[in-house]
Amino acid sequence: MSSSLGVKSVTDQQPPQGTQTAGDDATRASSPAGQRPRRKAADWRQRFEITVLSGPAIIMFVAFVIFPVALAAYYGFFKWKGYGAPTDFVGFGNYALIFADSAFHEAVLHNGIIVVLSLILQGPVALVLALLLNQKIRGRGLIRVLIFVPYVVSEVIVGTGWSLMLQTSGAVNDLLQTIGLGAFKADWLSDPNIAIWSLMVIISWKYIGFAVILFLAGMQSIPEELFEAAAIDGASYWQIQRRITLPLLGPTIRIWAFLSIIGSLQLFDLVYIIWGQYVASTAGTSTMATYMVANGRTSGNYGYGNAVAVVMFVISLAIALIYQRFVLRRDMAGAVTERKK
């Protein structure tokens, strides 16, 4: 009897065939096969949201960046007057003329000088000003505004104002004559030995405010606890700046340097306004952009101008990719994360 009861109890514990318990349902619901439809729905929803949100930006980018570059590359294979359909096909003839022209070589050299001098002159000065303005001093808000004002002023106003002051009979030479330094009067805009330095003074005056504000923003992101801990350990002010501020400000400095390099390669407006398209070459301040305008639009050869624009684009793109590969790589390492499986 006891054995029959034992058999009965074991039989009662086993569910009949073809039936499922609640535990089986829960296990199957939590299995990967059960989650697969939900994951597919979530993936499609995410793709749809990305398409809707990024679609307009992609369309604008293609319409106003990719398409004009492709069109310029197409026109660069023709000798074109700027109107009508291009028919005088010259192939790579325009590009051959560009790389054989010594004036273009000089323009590239001037752009390189501007790139290097912009980094050397603006970077340290902007960093010192940012460190100064990061302290609690009286009137620092007003000083920040005054430093940033030149950056927001139009290039036309800046170029016109400086060109009037730096003329032979301008305000700078008059000031030197008034204070007894007439021997230092110079032709600041036409002398090839001085003009490039005059340009660098103007560029630094205008764009250094952007670097200062960018560095100040980077300093605000550094935790204050690090400075307090270093001060408690007996570190001096300059030791704190060298050991804490500068290393943590490195990504901001590298981003500013990247923007400065690209802007220097594409410099046009200040040079064109102050020196014009012809004086710039004789004064030693011509750039690739002014060369493009002088030998393209002004000369009536828009095909050649488009070819120069393509060369400028390729040079800027190559430098940007190289800089990103070797300088910005570690800063952008955590910017893109892989999707969770």
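Asker: Just checking my understanding: could you explain the overall build of the protein chain for this structure?
Answerer: A tally of helices and strands in the protein chain yields 16 helices and zero strands. Counting only contacts in the protein chain whose residues sit at least 6 apart along the sequence, the fraction spanning at least 24 positions is 66%. Accessible surface, the protein chain as shown: approximately 21,600 Å² in total, 66% of it carbon and sulfur.

Asker: Even after reading the chapter, I still don't get the packing of aromatic side chains, so can you show me in this structure?
Answerer: Applying the stated rule across the entire model yields 20 aromatic pairs. On the numbers, 5.5 Å between centres and 40 degrees between planes, the contact of phenylalanine 148 with tyrosine 151 is tilted. Placement of both phenylalanine 148 and tyrosine 151 in helix 6 (residues 140–152) is noted, with a separation of three residues, approximately one turn of the helix. You can call tyrosine 151 partly exposed: its relative accessible area is 31%. The ring of tryptophan 44 has arginine 47 lying over it, and the distance from NZ or CZ to the ring centre is 5.4 Å. One Lys or Arg, arginine 325, reaches over the ring of phenylalanine 326 and ends 5.4 Å from the middle of that ring.

Asker: Just checking my understanding: could you explain the side chain of threonine 287 for this structure?
Answerer: Residue position: threonine 287 is located in the loop between helix 14 (276–283) and helix 15 (288–297). Discounting residues that sit within four places of it in the chain, threonine 287 has contacts with Ala107, Asn111, Ile114, Leu267 and Val271.

Asker: Got a minute to help me understand the pattern of salt bridges in this structure?
Answerer: Counted by the stated rule, this structure contains one salt bridge. One salt bridge in this structure joins lysine 206 and glutamate 155, with 3.9 Å as the shortest N-O distance. Here lysine 206 is found in helix 9 (residues 195–220), whereas its partner glutamate 155 is found in helix 7 (residues 155–165), with 51 residues between them in sequence. Classification of glutamate 155 by relative accessible area gives partly exposed; the value is 24%.

Asker: Sorry if this is basic, but what is going on with the packing of helix 4 (residues 93–100) against helix 16 (residues 302–326) here?
Answerer: A pair of packed helices is captured by two measures, namely the crossing angle of their axes and the spacing between those axes. Interhelical geometry of helix 4 versus helix 16 gives an angle of 65 degrees and a closest axis separation of 9 Å. One finds that helix 4 runs roughly perpendicular with respect to helix 16. Regarding helix 4 and helix 16, the two cross each other, and that crossing is right-handed. In this structure, helix 4 contributes Asn94, Tyr95, Leu97, Ile98 and Phe99 to the contact, and helix 16 contributes Gly303, Tyr304, Ala307, Val308, Val310 and Val311. For the contact of helix 4 with helix 16, the per-class residue count stands at nine nonpolar, two polar and no charged.

Asker: Would you mind showing me how to read the packing of helix 4 against helix 5 (residues 102–133) here?
Answerer: At a closest axis distance of 5 Å, the pairing of helix 4 and helix 5 adopts a crossing angle of 65 degrees. Taken together, helix 4 and helix 5 sit at an angle that is classed as roughly perpendicular. The segment helix 4 lies against helix 5, with Ile98, Phe99 and Ala100 engaging Ser102, Phe104 and His105. Classifying every residue of the contact of helix 4 with helix 5 by side-chain character gives four nonpolar, two polar and no charged.

Asker: Explain helix 7 to me, please; I cannot follow it from the model alone.
Answerer: Residues lying three or four places apart along an α-helix face the same way, a consequence of the helix completing one turn every 3.6 residues. Among the residues of helix 7, those classed as buried are Val158, Gly159, Trp162 and Ser163. Along the axis of helix 7, the buried residues cluster in a sector spanning 120 degrees; they form a single face. Counted as exposed and oriented over 90 degrees from the buried face of helix 7: Ile157 and Leu164. Packed against the buried residues of helix 7 are helix 6, helix 9 and helix 13 (269–274).

Asker: Hey, could you run me through the environment of valine 308 in this one?
Answerer: Among the structural elements, valine 308 can be located in helix 16. Looking at valine 308, the relative accessible area reads 0%, which means it is buried. Residues valine 308 and alanine 72, spaced 236 residues apart in sequence, show a C-alpha to C-alpha distance of 9.3 Å. Apart from residues no more than four positions distant in its own chain, valine 308 is found in contact with Ile98, Phe104, Met288, Tyr291 and Met292.

Asker: Looking at this model, I keep getting lost on the nonpolar core. Mind explaining?
Answerer: As a rule of thumb, soluble globular proteins bury nonpolar side chains together. Ranked by internal contacts, the top residues of the largest apolar core, which has 34 residues, are Ile98, Phe104 and Phe215. Where this core is concerned, the elements lending two or more residues are helix 4, helix 5, helix 9, helix 12 (250–265), helix 15 and helix 16. Among the elements that take part in this core, helix 5 stands out by supplying eight residues, more than any other. Filtering out sequence-adjacent residues up to four positions away, phenylalanine 215 remains in contact with Gly123, Ala126, Leu127, Ala130, Leu249, Thr252, Ile253 and Trp256.

Asker: Looking at this structure, how should I read a nonpolar patch on the surface?
Answerer: Taken together, the side chains of Ile58, Met60, Phe61, Val62, Phe64, Val65 and Ile66 define a hydrophobic patch exposed on the protein surface, amounting to about 670 Å² of accessible area. Looking at the secondary structure, you find isoleucine 58 in helix 3 (residues 32–75). On the basis of relative accessibility, which here comes to 48%, the residue isoleucine 58 falls in the partly exposed class.

Asker: Hey, could you run me through the confidence of the model for the protein chain in this one?
Answerer: Parts of the model with low pLDDT should not have their predicted coordinates read in detail. Mean pLDDT for the protein chain: 85, with 87% of residues reaching 70 or above. The low-confidence segment residues 1–13, where pLDDT is below 50, has zero contacts with residues more than four positions distant or belonging to other chains. Every residue in residues 336–341 is under pLDDT 50, and counting partners more than four places away or in other chains gives four contacts.

Asker: Any chance you could explain the environment of valine 62 here in plain terms?
Answerer: Looking at where valine 62 falls in the secondary structure, it is placed in helix 3. With near-sequence residues (within four places) excluded, valine 62 lies in contact with Phe67 and Pro68.

Rules used in this analysis
Residues numbered from 1 in each chain as written. Predicted model: local features only at pLDDT ≥ 70, side-chain atom pairs only at ≥ 80, totals over all residues. Heavy atoms only, no water. Helix = DSSP H or I, 4+ residues; strand = E, 2+ residues; numbered from the N terminus. Contact = heavy atoms within 4.5 Å. Areas by Shrake-Rupley, 256 points an atom, 1.4 Å probe, with all protein chains shown as cover. Phe/Tyr/Trp six-rings, centres within 6.5 Å; stacked < 30°, edge-to-face > 60°. Buried < 20%, exposed > 50% of the residue type's maximum accessible area, 1.4 Å probe, protein only. Lys NZ or Arg CZ within 6 Å of the ring centre and 35° of its normal. Salt bridge = Lys/Arg side-chain N within 4 Å of Asp/Glu carboxyl O. Axes fitted to C-alpha atoms, helices over the stretch in contact; angles between N-to-C directions. Parallel < 35°, antiparallel > 145°, perpendicular 65-115°, else oblique. Left-handed = near helix turned anticlockwise from the far one by under 90°. Nonpolar A, V, L, I, M, F, W, Y, C, P; charged D, E, K, R; others polar. Arc of directions from axis to C-beta. Core = buried A, V, L, I, M, F, W, Y, C linked by side-chain atoms within 4.5 Å. Patch = residues over 30% accessible without salt bridge, like charges linked within 9 Å, V, L, I, M, F, W, Y side chains within 5 Å. pLDDT = per-residue confidence, 0-100.

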